[in-house]
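Per-entry structural report
Residues per chain, in single letters:
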Amino acid sequence: LALSYHHMYSLPIVISRTENVYGPYQGREKVFPTFTRKALANEPLTIYGKGDHIRQWCHVEDAVRGALLLLEKGIPGEIYHIAGHQELMNLDLAKKILHILGKPEDMVTFIDDSKIRPGHDKRYSLSSDKIRKLGWEPKWTLDDGIKSVVLWYRDNMEWHR
């Protein structure tokens, strides 16, 4: 719809698409606050299927910098992906969070998602080549970002309540 207004009325529309964005202050239902809260409470971290679904992750600061850059330099009518090219299986994400918090990996449990989420995407992946040509690069590595955010949730437990 937005692109049709660009084409029909020359409205200066720039579209951005992001991968999975993570950071402090997320809604408590999101994976980072959920896994951190459950691990600290010694509750199981539930993973759909075998945990082999792959997702890309982008720290919120990188996503915001990308959006601001597009406001300044984005070409109207173009679509840009804000993506860090940092992929991780859901199981590996859970294990990283448990490791950061000093918890055992056997806290992970699996649930069959064939009936709950039929057609559950195995992989989300975006190419950020176009926005990188405008000068954007992610500043956060996945490992540094995960550690920073998990420790933030650990140290700000009131956010979970």
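Residues numbered from 1 in each chain as written. Predicted model: local features only at pLDDT ≥ 70, side-chain atom pairs only at ≥ 80, totals over all residues. Heavy atoms only, no water.

1. Points about the packing of aromatic side chains
On inspection of all chains with the given rule, the structure shows 8 aromatic pairs. Taking the centre distance of 5.4 Å and the plane angle of 85° together, the rings of Phe32 and Trp57 count as edge-to-face. Placement of Phe32 in helix α2 (residues 31-40) and of Trp57 in strand β4 (residues 54-59) is noted, with a sequence separation of 25 residues between them. For Trp57, a relative accessible area of 6% corresponds to the buried category. Cluster of aromatic residues (ring-pair linked, three or more members): Tyr25, Trp152, Tyr153 and Trp159. The cationic tip of Arg55 hangs over the ring face of Tyr124; the distance from NZ or CZ to the ring centre is 3.7 Å. (Phe/Tyr/Trp six-rings, centres within 6.5 Å; stacked < 30°, edge-to-face > 60°. Helix = DSSP H or I, 4+ residues; strand = E, 2+ residues; numbered from the N terminus. Buried < 20%, exposed > 50% of the residue type's maximum accessible area, 1.4 Å probe, protein only. Lys NZ or Arg CZ within 6 Å of the ring centre and 35° of its normal.)

2. A look at the nonpolar core
In terms of nonpolar packing, the biggest core is built from 22 residues, with Phe32, Leu45, Trp57, Leu93, Ile97 and Ile146 touching the most fellow members. Every element with two or more residues in this core is listed here: α2, β3 (45-48), α4 (90-100) and α6 (142-155). Sorting elements by how many residues they give to this core places α6 first, with 6 residues. With residues up to four places along the chain from it excluded, the contact list for Ile97 reads Phe32, Phe35, Thr36, Ile146 and Val150. Residues Ala63, Leu70, Tyr80 and Leu134 belong to the second largest nonpolar core, which totals 9 residues. (Core = buried A, V, L, I, M, F, W, Y, C linked by side-chain atoms within 4.5 Å. Contact = heavy atoms within 4.5 Å.)

3. Looking at the sheet that holds strand β2 (residues 20-22)
Reading across from one edge, β2-β4-β6 is the order of the 3 strands in this open sheet, with mixed pairing throughout. Only two strands of the sheet have a single partner each, and these edge strands are β2 and β6 (87-89). Between one strand and the next, the sheet's axes are offset by a mean angle of 50°, whatever the strand orientation. Of the strands in this sheet, β4 and β6 touch α4, which is tilted by about 85° from β6. (Pairing = 2+ DSSP bridges. Axes fitted to C-alpha atoms, helices over the stretch in contact; angles between N-to-C directions.)

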